[in-house]
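Examining the three-dimensional arrangement
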Amino acid sequence: MSATAESVQERRAALKGLGTSRKRVEDARFTQGKGNYVDDIKLPDMLFGDFVRSQHAHARVKSIDTSAAMELPGVIAVLTAKDLEPLNLHWMPTLAGDKQMVLADGKVLFQGQEIAFVIAEDRYIAADAVDLVKVEFEELPVLVDPFKAELPDAPILREDIADEKEGAHGARRHPNHIFTWEQGDKAATETVIGEADVVAEEMVYYHRTHPCPMETCGSVASMDKVNGKLTLWGTFQAPHVVRTVASLLSGIAEHNIRVVSPDIGGGFGNKVGVYPGYVCSIVASIVTGKPVKWVEDRMENLSATAFARDYWMQGKIAATKEGKITGLWCHTTADHGAFDACADPTKYPAGFMNICTGSYDIPTAYLAVDGIYTNKAPGGVAYRCSFRVTEAAYFIERMIEVLAIKLNMDAAELRAKNFIRKDQFPYQSALGWEYDSGDYHTAWDKALESVGYSKLREEQSQRVEDFKAGKTRKLMGIGLCHFTEIVGAGPVKNCDILGMGMFDSCEIRIHPTGSALARLGTISQGQGHATTFAQILATEIGISADDITIEEGDTDTAPYGLGTYGSRSTPVAGAATAMAGRKIRAKAQMIAAYLLEVHDNDIEWEVDRFVVKGAPEKFKTMKEIAYASYNQAIPGVEPGLEAVSYYDPPNMTYPFGAYVCVMDVDVDTGVSDIRQFYALDDCGTRINPMIIEGQVHGGLTEALAIALGQEIAYDELGNVKTGTLMDFFIPTSWETPNYQTDFTETPSPHHPIGAKGVGESPNVGGVPAFSNAINDAFRAFGLTHTHMPHDHWRIWKTANELGLHAES
Amino acid sequence: MITGNFEYHQPGSIPEAVALLSKLGDDARVIAGGHSLIPTMKLRLAMPEHLIDLQAVKELRKISVSGGEVCIGAMTTQAELIASEELHKAAPIVRETSLQIADPQVRYMGTLGGNVANGDPGNDMPALMQCLDASFTLSGPDGERTVNAREFYEAAYFTARDDLEILTEIRFPAYSGGYAYEKQKRKIGDYATAAAAVLLTKGADGSCEQASIALTNLSDTPLFCEEASRQLVSDGLDSASVNSAVASAMGQIDPVDDNRGPAEFKRHAAAIILRRAIQQAWARA
């Protein structure tokens, strides 16, 4: 018997299924420079597009003179809004129910806005021709501060909709106002706050930043005028939705459009939306009959494609003297830029910002979000997070710290006192979500114990004494964070993008020799789908992950899905994969029973085979079953072994985690040094621990970037001040600390394999941990809150304002 | 981020390069490592019609130390400066500074000559060369001349080099005393928020026999702090004297507001950085 037990283990290990730290199958090509990205696509007679962009943040476009550009040899055409208007493509709908100019229609509303599209025989000629297009501007007053948008002298930005009192998300009270979104019970919350023992208030600003994927955005459009088919390669996180949108916009029937997302060099939300470059490359290909490539450069990516965050969150948090939180109030002023191009499910104009009660059992809460137009680039995408979840997590994790200061209480203790208890799940939050599962106290205790929390606090107290005694100029900060995410959008009943329900899909074909091909509606941008989805399937159908090919991103072959963002691939497409695998197994059971000459119910699944109950020597492996499905006539069973599943998740998943960051802060130079970072993640069932660890490292590093310096900053004229990687902070290995990762495992009760998603957790939880560490370093000197990004000079400024430079 | 059109030239010797530059004049730019010029061209802020690439001029790629003098060819890369043991023995501050320039990939391309000739106040080598009291050899149509690093820099991107001259060589005396190059920057690859080069020689009696201080990116040129240097020699290294030298150096700086922070912050950081550099150099003296 022991020999059999061992072989079961061996067979299980050979599958490289769930829980295996399998090396990424993608890396063989990526590490050898053999990836195939949009810019690697070269087609015969391909033309190149480049944009004339606005240097002004707000101006009327008086005239556009393309004659000199057209005279340059090699220039094929220069498109302006006038050329697109007959096709009704000079504007396009945004994902947020607004519309956006494809090319400047009479005015420009942000620096970097697209004005004209030059098409030329090579990339260099296109760039030369851009310089030759003469645009005459009449400058207009610029609005960069959302709090000035509704002042009497504010310039009206969107003259096209200035008189519309109703927007896509309800009433608009001013031409520069987009929507007001309210959740929770306002009156009850104000009553709780009015009667509370203690109320802490703070304005928490999560500054504007940008996903800045290593590969910028681009597309290659190829219109075959003979067969009427359009092929569009592009940097798309949601290729199927792009196909539908392209069909609706262009009038080309959807079956005549093929959209392909090849290898994608990082997305982080930046590649969810539809950009003017995509539309212009399509139009240019239709007009010229030749393939047209458009690939933006880094400055264009940073200044014109979708930004993230830019939420001003005014908060009030109420508690008893003992520290039991009784209510939370939040008003957010959301700077959306020139067009509302947020990539959120239709019914959620502020995404899932109403997860802002976080990990805490807060009985009463109210949230209002006002969206505002300014002269900045459009966007508001979920940068390595589910929709606005980073903003929500940052807000509540700062408010907890502010409340701890007000209560003169340890912030770790305050959290533990207010966590939703394990026995409260599924938990109904005051702002409308049903948290599926969680065990926060266990994770929290493990985290505090792992870092030696009480010793750290003792060391910190000593440091404060030493500082006051003039023995050191460095302070020590302990940054705590317990975050809860809401990912895996989402149930079709309340989540859609442009009307498409946010299900996802998987289609599996088992080949006669027992290997398999699975295609999904998602698209990897570095997440390692080809590795992990094969592992899910390996465990479900008993075929080694090494024998399963995963394909995504080609709409002609992959089943329809809503794409990859918001940590939805594992919760939704991963579930579809498991469900499709189970359909395969159900059919395989019938075949196996036939082959074994027993009833279906007399056999049971064991790792990679069906075994006759009580007779372990009688079995059929999945490989044998696959072969039989193609070469035997089995009564009542169709030949072949294929399955497809479209999965509509019953709920979101709610990953959580406990992070601790320990920092030294040089009061004189503002230089911060991360000496320890501990990250405990609970993403439910763990598919590939090595990929999880990689995701955590990557997400924490992006969080570090955002917290400590990364921003899209504008001056008062609307000029982008951080348009290159000299000023836009991307950490290198030098700036990146060692991360200590850990986990607990609380499976999702509604997901077929209990997985919750993890790719974005570290960014959601990392930002508050880093920021809290900086803030905490100065707590002993009277600081309540200071805004991110915590770069050297802002830290120095905080120290300076606290009077800490008096003696230096 | 696409450059304008240009003709590319690759001369094989200094005379050939000088002749080419004389012939092409204002329409040409000399390119060394290209880490300042190429980005400027990609932004189309510079649109030279001709690029004269010096990479094939073998005699510009050398490091020699003899008779107490260091001589470095203009095309010597920062990676080569770091790797040279001979140079490290003769002037260890060069390796310390080079390791704080950009990142390894850039340092394989970036050259000493390009770094000092461009006149970019953000570059680290100009202040270092002032600190080392280096002289630059310039070759032009009228032959060779040398200019002291302390007199070379006139304003941002304006130097004593004539448009038709090529900076070919950098010479400075070997220096075995205490040294430090302290640099505050936001991240790897960044220019300095504030940086200071300090050389201090300690006499047998513990006094400061020789001092040299220069600052990076705190004005529109590198700054040699003559008065502060003199003060350390005359008054020693006690805290009052250091305070006074730092105050004197700070009197020379004129930082500007940028994304690294406002001038007020840079003034504060510069004083801290200089003080640390002095302390470090003295500890090593």
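Residues numbered from 1 in each chain as written. Chains lettered and ligands numbered in written order. Predicted model: local features only at pLDDT ≥ 70, side-chain atom pairs only at ≥ 80, totals over all residues. Heavy atoms only, no water.

**Some thoughts on the overall build of chain A**
Condition: Helix numbering and strand numbering both begin at the N terminus, where a helix is a DSSP run of H or I of at least 4 residues and a strand a DSSP run of E of at least 2. Each radius of gyration reported is based on C-alpha atoms, and the globular scaling rule is 2.2 Å times the count of residues to the power 0.38. Type-normalised accessible area, obtained with a 1.4 Å probe on protein chains alone, sets the label of each residue: buried when under 20%, exposed when over 50%, and partly exposed for intermediate values. Residues are treated as being in contact if the distance between any of their heavy atoms lies within 4.5 Å.
Along the backbone of chain A there are 19 helices and 35 strands. Radius of gyration (C-alpha) of chain A: 28 Å, near the 28 Å computed for a compact globule of 808 residues. When its C-alpha atoms are laid out on the principal axes, chain A stretches across 85 × 75 × 50 Å. For chain A, buried positions account for 64% of its 808 residues. Contacts in chain A between residues far apart in sequence, at least 24 positions, make up 80% of those at least 6 positions apart.

**Some points on the domain arrangement of chain B**
Residues and elements named next belong to chain B. For clarity, the threshold we go by: All the domain ranges listed were derived from an automatic or database domain assignment. Accessible surface is computed with a 1.4 Å probe, and the buried area is the amount of it that two parts give up when combined, taken over both parts together. Salt bridges, as used here, are contacts in which a Lys or Arg side-chain nitrogen is within 4 Å of a carboxyl oxygen on Asp or Glu. All amino acids are sorted into three groups, where Ala, Val, Leu, Ile, Met, Phe, Trp, Tyr, Cys and Pro are nonpolar, Asp, Glu, Lys and Arg are charged, and the leftover types, Gly among them, are polar.
Its domain assignment divides chain B into domain 1 (7-53), domain 2 (58-173) and domain 3 (192-284). When each unit is reduced to the centre of its C-alpha atoms, the spacing between domain 2 and domain 3 is 21 Å. Each partner contributes to the interface: domain 2 provides 17 residues, whereas domain 3 provides 16 residues. Summing the contributions of domain 2 and of domain 3, the shared interface buries around 1300 Å²; its carbon and sulfur component is 63%. The largest contributions to the domain 2 side of the interface with domain 3 come from Pro 121, Ala 127 and Cys 131, which together make up 37% of the buried area. Applying the counting rule to domain 2 against domain 3 returns one salt bridge. Here Glu 96 ties to Arg 284 by a salt bridge, and the two come within 2.9 Å at their closest N and O atoms. A total of five residues in the side of domain 2 that touches domain 3 trace back to one element, the largest contributor, which is helix H8 (residues 125-131). Of the residues belonging to the side of domain 2 that touches domain 3, the class tally is ten nonpolar, three polar and four charged.

**Quick word on the packing of aromatic side chains**
All names here are of chain A. Operational definition: Two rings from Phe, Tyr or Trp (for Trp, the six-membered ring) form a pair when their centres sit within 6.5 Å of each other. Planes less than 30 degrees apart are called stacked, planes more than 60 degrees apart edge-to-face, and all others tilted. Think of it as a cone above the ring: NZ of Lys or CZ of Arg counts as a charge over the ring if it is within 6 Å of the ring centre and within 35 degrees of the ring normal.
Per the counting criterion, the structure on display carries 35 aromatic pairs over all chains. Both rings, one in Tyr 206 and one in Tyr 394, keep their centres 5.3 Å apart while their planes meet at 70°; by these two values the pair is edge-to-face. Here Tyr 394 lies in helix H10 (residues 389-407) and Tyr 206 lies in strand S12 (residues 198-209), a separation of 188 residues in the sequence. We classify Tyr 206 as buried; its relative accessible area is 0%. Residue Tyr 394 is classed as buried on the basis of its relative accessible area, which comes to 0%. The ring of Phe 743 carries Arg 686 above its face, with NZ or CZ at 3.6 Å from the centroid.

**What to know about the interface of chain A and chain B**
Rules: Identification of polar contacts relies on pairs of N or O atoms within 3.5 Å, with a donor-acceptor requirement for protein atoms, meaning one able to donate a hydrogen and the other able to accept it, and with residues adjacent in sequence counted only if both atoms are side-chain atoms.
With 29 residues of chain A at the contact, the number on the chain B side is 24 residues. Of the roughly 2200 Å² buried at the junction of chain A and chain B (both faces included), carbon and sulfur atoms supply 57%. Summed over the three residues of chain A that lose the most area to chain B, namely Met 726, Trp 793 and Trp 796 of chain A, the buried surface amounts to 26% of that side. In this assembly, chain A and chain B are joined by four salt bridges. One salt bridge connects Arg 186 of chain B with Asp 727 of chain A, and the closest N-O pair in it is separated by 2.9 Å. On the surface where chain A and chain B come into contact, there are 13 residue pairs in polar contact (both at pLDDT 80 or more). Examining the composition of the side of chain A that touches chain B, we find that five residues originate from one element, helix H5 (residues 123-132) of chain A, more than from any other. When its residues are assigned to classes, the side of chain A that touches chain B shows twelve nonpolar, seven polar and ten charged.

**Some details on the side chain of Asp 340 of chain A**
Residues and elements named next belong to chain A. Applicable threshold: Note on charges: Lys and Arg go in the positive column, Asp and Glu in the negative column, and His and the chain ends are not counted at all.
Inspection of the secondary structure puts Asp 340 in the loop between strand S18 (325-337) and strand S19 (364-373). Among buried charged residues, Asp 340 stands out as having no salt bridge; its nearest opposite-charge side chain is Arg 388, 6.5 Å away. Of note is the side chain of Asp 340, whose polar atom sits 2.7 Å from the side chain of His 336. In this view, Asp 340 contacts Thr 94, Ala 96, Asp 98, His 169, Ile 178, Phe 179 and Tyr 373; residues no more than four positions away in its chain are not counted.

**Focus: the nonpolar core**
Residue and element names in this part refer to chain A. How we decide: Here, nonpolar core refers to any group of buried Ala, Val, Leu, Ile, Met, Phe, Trp, Tyr and Cys residues whose side-chain atoms link them within 4.5 Å.
Among the nonpolar cores identified, the biggest contains 183 residues, and Phe 352, Met 353, Phe 677 and Phe 778 are the most heavily contacted of them. Those residues within four positions of Phe 778 in sequence are excluded, and the remaining contacts are Leu 475, Val 665, Val 667, Leu 783, Ile 795, Thr 798, Ala 799, Leu 802 and Leu 804. Residues Ala 516, Ala 518, Ile 541 and Ile 603 belong to the second largest nonpolar core, which totals 48 residues.

**Topic: unusual backbone geometry**
All names here are of chain A. Cis geometry is found at the peptide bond from Phe 425 to Pro 426, where omega equals -5°. Inspection of the secondary structure puts Pro 426 in the loop between helix H11 (411-418) and strand S21 (427-428). Of the consecutive residues Ala 489 and Gly 490, the connecting peptide bond is found in the cis state with omega at -25°. Mapping Gly 490 onto the fold places it in the loop between strand S23 (474-484) and strand S24 (496-497).

**Looking at the domain arrangement of chain A**
Residues and elements named next belong to chain A. Looking at chain A, the domain boundaries give domain 1 (2-35 + 504-647), domain 2 (38-140 + 232-240 + 260-264 + 271-285) and domain 3 (307-488 + 652-801). Averaged C-alpha coordinates put domain 1 and domain 3 at centres separated by 38 Å. Summing the contributions of domain 1 and of domain 3, the shared interface buries around 1700 Å²; its carbon and sulfur component is 65%. Together, Gly 566, Ser 567 and Pro 571 form the three largest contributors to the area buried by domain 1 at its contact with domain 3, with a combined 28%.

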